[in-house]
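An overview of the molecular structure
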Amino acid sequence: MTPLALELLAVPKAVPEARRAVREHLGVPCPEVQLCVSELLTNVIRHLGEGTPVTLRITRTPSRIRVAVTDPEPYAWLVVRAAGPEDENGRGLLLLDAVAARWGVEQGPEGKTVWCELPPPEPPPAPVSTPASIPEDLADVSGRSAASP
């Protein structure tokens, strides 16, 4: 599968658009992958500011999907924090850690990449085919003949 690379500005409306693009790219329901995309983009918006240019990359192998978000700030490190029961934020990296098989940060001279890896989503089950018509003598599943009262 060809990797997906999206160059975008980290703004709130880009988050659902990126989730949709990832779902279309993978071609199957992928709520865990979409959750990771949301959390990584939201972290950029919250900690670096709206309008920060980012690159979202999705790569797939038979055994994993890698989500990576690159931003231009090499020195803003991620910190997993313990959110209190009344806190409205602070759980993003905890969610990422719970859903992803592994995750990390790669620092480069032009920025950093936060990535996570997940098992590939399962394809949806094949539709069950049903016969076009059921013979009358088989239509009553109560064990009585269709003709008996």
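Please refer to the structure higher up on the page.
Residues numbered from 1 in each chain as written. Predicted model: local features only at pLDDT ≥ 70, side-chain atom pairs only at ≥ 80, totals over all residues. Heavy atoms only, no water.

**A look at the sheet that holds strand β2 (residues 52-61)**
Reading across the sheet, the five strands line up as β1-β2-β3-β5-β4 and stay open at both edges, with antiparallel pairing between neighbours. Each end of this open sheet is capped by a strand with a single partner; those strands are β1 (4-10) and β4 (102-108). Across this sheet, the average inter-strand angle for adjacent strands is 20°, counted without regard to direction. In terms of strand pairing, strand β3 (residues 64-71) meets strand β5 (residues 111-118) through seven bridges, oriented antiparallel. Paired with A68 across the bridge in β5 is W115. (Pairing = 2+ DSSP bridges. Helix = DSSP H or I, 4+ residues; strand = E, 2+ residues; numbered from the N terminus. Axes fitted to C-alpha atoms, helices over the stretch in contact; angles between N-to-C directions.)

**Section: the environment of P119**
Take P119: it is sitting in the loop between β5 and α4 (136-139). On a C-alpha basis, the gap between P119 and R66 in space is 8.9 Å, while along the polypeptide they are 53 residues apart.

**Some details on the pattern of salt bridges**
This model, assessed by the stated rule, comprises five salt bridges. A salt bridge links E117 to R64, with the shortest nitrogen-to-oxygen separation between them at 3.6 Å. Of this pair, E117 sits in strand β5 while R64 sits in strand β3, and the two are 53 residues apart along the sequence. Residue classification places E117 among the buried residues on the basis of a relative accessible area of 7%. A relative accessible area of 25% means that R64 is categorised as partly exposed. We note a salt bridge from E117 to R66, for which the minimum N-O separation is 3.0 Å. Of this pair, E117 sits in strand β5 while R66 sits in strand β3, and the two are 51 residues apart along the sequence. (Salt bridge = Lys/Arg side-chain N within 4 Å of Asp/Glu carboxyl O. Buried < 20%, exposed > 50% of the residue type's maximum accessible area, 1.4 Å probe, protein only.)

**Considerations on the environment of T55**
Tracing the sequence through the fold places T55 in strand β2. Using a relative accessible area of 8% as the deciding quantity, one classes T55 as buried. At 2.9 Å, the side chain of T55 forms a polar contact with the side chain of E7. (Polar contact = N/O pair within 3.5 Å; in protein donor to acceptor, adjacent residues only side chain to side chain.)

**Side note on the nonpolar core**
Within the largest apolar cluster, 28 residues are counted, with the highest numbers of intra-cluster contacts made by V22, I58 and V67. Listing elements by their share of this core, those giving two or more residues are β1, α1 (14-26), α2 (31-48), β2, β3, α3 (92-99) and β5. For this core, the element with the most residues is α2, which contributes seven residues. Discounting residues that sit within four places of it in the chain, I58 has contacts with P3, L4, V22, H25, L26, V37, I65, R66 and V67. (Core = buried A, V, L, I, M, F, W, Y, C linked by side-chain atoms within 4.5 Å. Contact = heavy atoms within 4.5 Å.)

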